[in-house]
Amino acid sequence: MVDQAIAFESRMGASLVRLHFHDCFVNGCDGSILLDDTPTLNGEKTAVPNNNSLRGFDVVDRIKSAVNLACLGNVVSCADILAVAARDSVVALGGSSYDVLLGRRDATTASRDAANANVPAPFLDLPELIANFESHGLGLEDLVVLSGAHTLGFSRCVIFRNRIYNETSTIDGDFATSLQAVCPPSGDDDSLSQLDDSPASFDTAYYQDLVESKGLLHSDQQLFKGDGSLADELVQKYSEKPDAFWADFGVAMIKMGNMSPLTGSDGEIRKNCRVVNSN
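Residues numbered from 1 in each chain as written. Predicted model: local features only at pLDDT ≥ 70, side-chain atom pairs only at ≥ 80, totals over all residues. Heavy atoms only, no water.

The name an unreviewed UniProt entry assigns to the protein chain is Cationic peroxidase 1, from the organism Cocos nucifera. The Catalytic activity (unreviewed entry) comment attached to the protein chain in UniProt states, word for word, "2 a phenolic donor + H2O2 = 2 a phenolic radical donor + 2 H2O". For the record of the protein chain, the UniProt heading Sequence similarities (unreviewed entry) holds the text "Belongs to the peroxidase family. Ascorbate peroxidase subfamily." (UniProt positions renumbered as here; feature names shortened; annotations may be inferred.)

Written as structure tokens, this is what we have:
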């Protein structure tokens, strides 16, 4: 199902990876990102980092239906589907496979406030990014390698506008000028630009761009400042060694996917990923 979705629209691979990331960073990898709002639930879909931004919910619905059919019942959680779909997206777009731990169960609630507080914003400086990741049990190495997921996909003008007009000391001039052609000082907020030169290929172009001061997002370029820091060293390594990136990315994704999962009798296995099971 992932292969079909990506064949139809290559950008969907990035969207599925992002769903897993945004799910895990809010109260753990529990499928809470998938819950629709109800009169009694202000969920994560309408939080600032997610609203009009996250995509792929319909693909998850199709996967869930196909998995339930194949398994002759409701036995695979939506949280596990997100984890596997992220891995399969990486593989479909040229990355290396990695083993996905399974057995997560689904949350029965979600929190817009928690999503607003916990998903790292694209405007954060490096110390803030490090602090955010450390609050989730992830270190600087995890931050740098997981950010490499930005080798896939696109970002909206409203997210990178300030960088291309105001961060003249940390952005390549020609790169900024080319982006200004698609992202004016005001308006066209939803105009898209690719996050690296090959947005449908799971490669190391993202890190090569950072070394050349061509990171699209402020938070991306924060990983490489040319000051010889550990973050600099990691970016430089991955820019030159795709095999190291692929290997370390899989390890970090497994680590992230193990953040506070619901197991045993906690949570439930949702029949419909968008709504809590009715009793």
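Think of a disulfide as a covalent bridge from one cysteine sulfur atom to another cysteine sulfur atom. Scanning the model with the defined rule gives 3 disulfides in all. Across the disulfide from C24 sits C29; the S-S distance is 2.0 Å. Looking down the S-S bond of the C24 and C29 bridge, the torsion is 115°, so its handedness is right-handed. For C29, a relative accessible area of 0% puts it in the buried group. Residue pairing for C157: its cysteine sulfur links by disulfide to C183, the two sulfurs lying 1.9 Å apart. Note on the C157 and C183 pair: the S-S dihedral is about 70°, so by sign convention the disulfide is right-handed. Of this pair, C157 sits in helix α8 (residues 157–166) while C183 sits in the loop between α9 (173–180) and β2 (192–194), and the two are 26 residues apart along the sequence. A residue is classified by how much of its surface remains accessible, and C183, at 0% relative accessible area, is buried. (Disulfide = S-S within 2.5 Å. Buried < 20%, exposed > 50% of the residue type's maximum accessible area, 1.4 Å probe, protein only. Helix = DSSP H or I, 4+ residues; strand = E, 2+ residues; numbered from the N terminus.)

Moving on: the UniProt feature "site: Transition state stabilizer" (unreviewed entry) in the protein chain. Per the UniProt annotation, the sites labelled "site: Transition state stabilizer" (unreviewed entry) are R18. Position of R18 among the secondary structure elements: in helix α2 (residues 11–24). Beyond its immediate stretch of four places on either side in the chain, R18 contacts P49, S53 and L54. (Contact = heavy atoms within 4.5 Å.)

General note: in soluble globular proteins, nonpolar side chains tend to be found buried as a group. Formed by 58 residues in total, the largest nonpolar core has its most connected members in V144, L146, Y207 and F249. Filtering out sequence-adjacent residues up to four positions away, L146 remains in contact with F133, L138, F249, A252, M253 and M256. The next biggest cluster of nonpolar side chains, apart from the first, holds 11 residues, and it includes C157, A176, L179 and C183. (Core = buried A, V, L, I, M, F, W, Y, C linked by side-chain atoms within 4.5 Å.)

In this section: helix α12 (residues 230–240). Those residues of α12 that fall on the buried side of the exposure criterion are A231, D232, L234, V235, Y238 and S239. The buried residues of α12 occupy one face: seen down the axis, they fall within an arc of 165°. Its buried side turned inward, α12 meets α6 (126–135), α7 (140–147), α10 (205–211) and α13 (242–257). (Arc of directions from axis to C-beta.)

A separate point is the packing of α2 against helix α3 (residues 57–70). Viewed as axis vectors pointing N to C, α2 and α3 meet at an angle of 80°, and their least axial separation amounts to 10 Å. What the angle tells us is that α2 and α3 run roughly perpendicular. Residues M12, L16 and L19 of α2 form the contact with α3, whose participating residues are F57, V59 and V60. Grouping the amino acids of the contact of α2 with α3 by side-chain chemistry returns 6 nonpolar, no polar and no charged. (Axes fitted to C-alpha atoms, helices over the stretch in contact; angles between N-to-C directions. Parallel < 35°, antiparallel > 145°, perpendicular 65-115°, else oblique. Nonpolar A, V, L, I, M, F, W, Y, C, P; charged D, E, K, R; others polar.)

In the UniProt entry, the feature "active site" (unreviewed entry) is given for H22. Structurally, H22 is set in helix α2. Residue classification places H22 among the buried positions, given a relative accessible area of 6%. Not counting residues up to four positions away in its chain, the partners in contact with H22 are I33, E44, P49, N50, L54 and V119.

Here we take up the pattern of salt bridges. Going through the model one piece at a time under the given rule, you end up with 14 salt bridges. A salt bridge links K237 to D248, with the shortest nitrogen-to-oxygen separation between them at 3.6 Å. With K237 in helix α12 and D248 in helix α13, this pair connects stretches of sequence that are 11 residues apart. One connected set of salt bridges, linked through shared partners, spans D36, K45, D61 and R274. (Salt bridge = Lys/Arg side-chain N within 4 Å of Asp/Glu carboxyl O.)

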